[in-house]
Amino acid sequence: MTRIYLVRHAQSEGNLYRRAHGRYDSLVTPQGYAQLEALKRRFADIPVDVVYASPLFRTRTTAAAICGPKHIPMYTLDDLMEIGCGPWEDRTWGDIRYHDRAQLINFNQHIERWHVEGAETPEHVRERMLRALDTIARECSGMTVAAVSHGMASRILLGTLQGMSLREISEKLPHGDNTAVSLIEYEDGRGRVVFANDASHLSEAISTFAHQNWWRGGHEIELRFAPLDLNREEDAALYQLCRAEGWMSSHGAMNHFDGQGFLEQAKRCQAAYPEALLAAYDGDAFAGLLQLDTETDSAQGAGRVPFVYMSPSFRKRGAGIQLVGEAVSRFRRLGRRSIRLRCAVENETAQNFYRRCGFQKIGTDEKAPVALDVLELPIGF
């Protein structure tokens with residue numbers, strides 16, 4: 001008999017930024033690394049002979065937390081990959097909900113009905129995940145193995161091993177938290193689930209699911225982004241309004257505020273990159289604004305974010321991180337290795353937010369009229 005611990009990867013960008021990451025390769029978040037420390041402690045006294053992982057960064061990094069301390073080998077296996085989302089890849093869940101609501105409902109609640117042209121089918125995921133088990137059991141007969149995979153792929157496999165149809169999986173089998181552990185005993189071509197989706201090693205502070213509601217069927221703010229055009233009077237007015245309100249919120253007064261200067265800067269950003277100004281919406285409700293500067297730090301391989309703004313009604317509701325995620329996605333497509341922004345020294349709320357996102361201080365802006373820290377977030381592999 002082969003014992004296989006099936007592990008979901010640690011929290012990665014898609015989980016945090018609320019984006020569809022199937023085959024898209026994304027980084028592990030700061031919270032994800034805290035989860036890996038907990039996973040490492042969980043497996044400290046569990047004998048494991050070998051570790052397998054899907055070839056994506058988030059699964060290989062999770063696998064390293066198990067195999068590294070034990071000095072055992074890790075192998076990649078394509079069959080352990082997440083469901084391929086095709087044209088949904090790296091889109092925000094809010095954008096998908098807005099433009100393809102019926103299929104998103106199917107994805108979350110009726111996986112047997114989910115069909116997106118160009119995406120992998122759930123049936124194919126089931127077939128290859130069963131093949132992955134067979135491969136591992138054949139190559140590691142009689143051993144104890146850890147296999148690191150993904151949320152939907154693992155859910156389909158665990159349900160199938162328990163005799164469920166795809167419809168029953170959607171109805172009866174809960175989702176597993178990041179780094180959730182399941183145990184499968186595999187013998188004579190058949191697998192038995194001993195336990196599934198156990199995340200008892202995670203405290204509430206570092207659990208992904210403790211801070212999200214989508215998996216319970218509850219409402220989650222999931223943003224979509226649409227470009228502004230500063231040549232349109234109403235878009236320019238919206239930008240200036242956000243700039244002024246954002247300045248007042250950050251500094252408590254309008255001293256040194258240069259509305260015309262900010263507008264001219266934004267127009268230069270838009271001239272270099274047509275979608276440099278992005279309005280964020282929750283459905284049709286305006287939620288915030290993101291400004292990108294593709295020129296200022298390009299020689300250092302960085303993208304600059306001159307302005308991040310959340311509408312007052314959306315503040316302190318956990319949605320701001322999705323603005324950071326949109327910036328990460330766009331600058332990564334442009335080949336940038338990091339993102340830089342400036343943050344007022346006295347703005348403790350923003351400073352704490354950016355630290356949680358993984359930004360670190362790399363300097364100060366000596367030319368600014370107010371005290372500003374320069375913060376940087378690595379986004380390269």
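Everything below is about the structure shown above.
Worth saying up front: this structure is predicted, and the values here are computed from it rather than measured.

1. Description of the overall build of the protein
Right, on to step 1. If you tally the helices and strands in the protein, you get 12 helices and 13 strands.
Right, on to step 2. Over its C-alpha trace the protein gives a radius of gyration of 23 Å, about what one expects of a compact globule, namely 21 Å for 381 residues.
Right, on to step 3. Counting the 381 residues in the protein, one finds 55% classified as buried.
Right, on to step 4. Across the protein, the fraction of contacts at a sequence separation of at least 24, relative to all contacts at a separation of at least 6, is 68%.
Right, on to step 5. Per element, the accessible surface of the protein, about 16,900 Å² overall, is 49% carbon and sulfur.
Right, on to step 6. Charged side chains in the protein number 45 positive and 49 negative. The centres of these two groups are separated by 2 Å.

2. Some remarks on helix 3 (residues 57-70)
Right, on to step 1. A rise of 1.5 Å per residue sets the reference length of helix 3, with its 14 residues, at 20 Å; its end C-alpha atoms lie 20 Å apart and thus fit the reference within 8%.
Right, on to step 2. At Ala64, helix 3 is deflected by roughly 35 degrees, the largest bend along its length.
Right, on to step 3. Along helix 3, the positions that sit buried rather than exposed are Phe57, Arg58, Thr59, Thr61, Thr62, Ala63, Ala65, Ile66 and Cys67.
Right, on to step 4. Looking at the buried residues of helix 3, the elements they touch are strand 1 (2-8), helix 2 (30-43), strand 2 (50-53), strand 3 (74-76) and strand 4 (144-149).
Right, on to step 5. Just downstream of helix 3 lies His71, where phi reads positive at about 55 degrees.

3. What to know about unusual backbone geometry
Right, on to step 1. Phi at Asp90 takes a positive value of approximately 65 degrees, unusual for a residue other than glycine.
Right, on to step 2. Note on placement: Asp90 falls in the loop between strand 3 and helix 4 (93-99).
Right, on to step 3. Look at Asn197: it is not a glycine, yet its phi comes out positive at around 55 degrees.
Right, on to step 4. Relative to the helices and strands, Asn197 resides in strand 6 (residues 190-198).
Right, on to step 5. Asn197 gets classed as partly exposed once you look at its relative accessible area, which sits at 25%.

4. Looking at the packing of helix 6 (residues 122-139) against helix 7 (residues 151-161)
Right, on to step 1. Packing of helix 6 against helix 7 leaves a shortest axis separation of 9 Å and a crossing angle of 75 degrees. Taken as axis vectors, helix 6 and helix 7 run roughly perpendicular relative to one another. For the pair helix 6 and helix 7, contact is made by Pro122, Val125, Arg126, Met129, Leu130 and Leu133 and by Ala153, Ser154, Ile156, Leu157, Thr160 and Leu161, respectively.
Right, on to step 2. Split into classes, the residues belonging to the contact of helix 6 with helix 7 amount to 9 nonpolar, 2 polar and 1 charged.

About the criteria used
Residues numbered from 1 in each chain as written. Predicted model: local features only at pLDDT ≥ 70, side-chain atom pairs only at ≥ 80, totals over all residues. Heavy atoms only, no water. Helix = DSSP H or I, 4+ residues; strand = E, 2+ residues; numbered from the N terminus. Rg over C-alpha atoms; globule rule 2.2 N^0.38 Å. Buried < 20%, exposed > 50% of the residue type's maximum accessible area, 1.4 Å probe, protein only. Contact = heavy atoms within 4.5 Å. Areas by Shrake-Rupley, 256 points an atom, 1.4 Å probe, with all protein chains shown as cover. Lys, Arg positive; Asp, Glu negative; His and termini not counted. Charge placed at Lys NZ, Arg CZ, Asp CG, Glu CD. Expected span 1.5 Å × (residues − 1). Bend = angle between axes of the 7 residues up to and from the residue. Axes fitted to C-alpha atoms, helices over the stretch in contact; angles between N-to-C directions. Parallel < 35°, antiparallel > 145°, perpendicular 65-115°, else oblique. Nonpolar A, V, L, I, M, F, W, Y, C, P; charged D, E, K, R; others polar.

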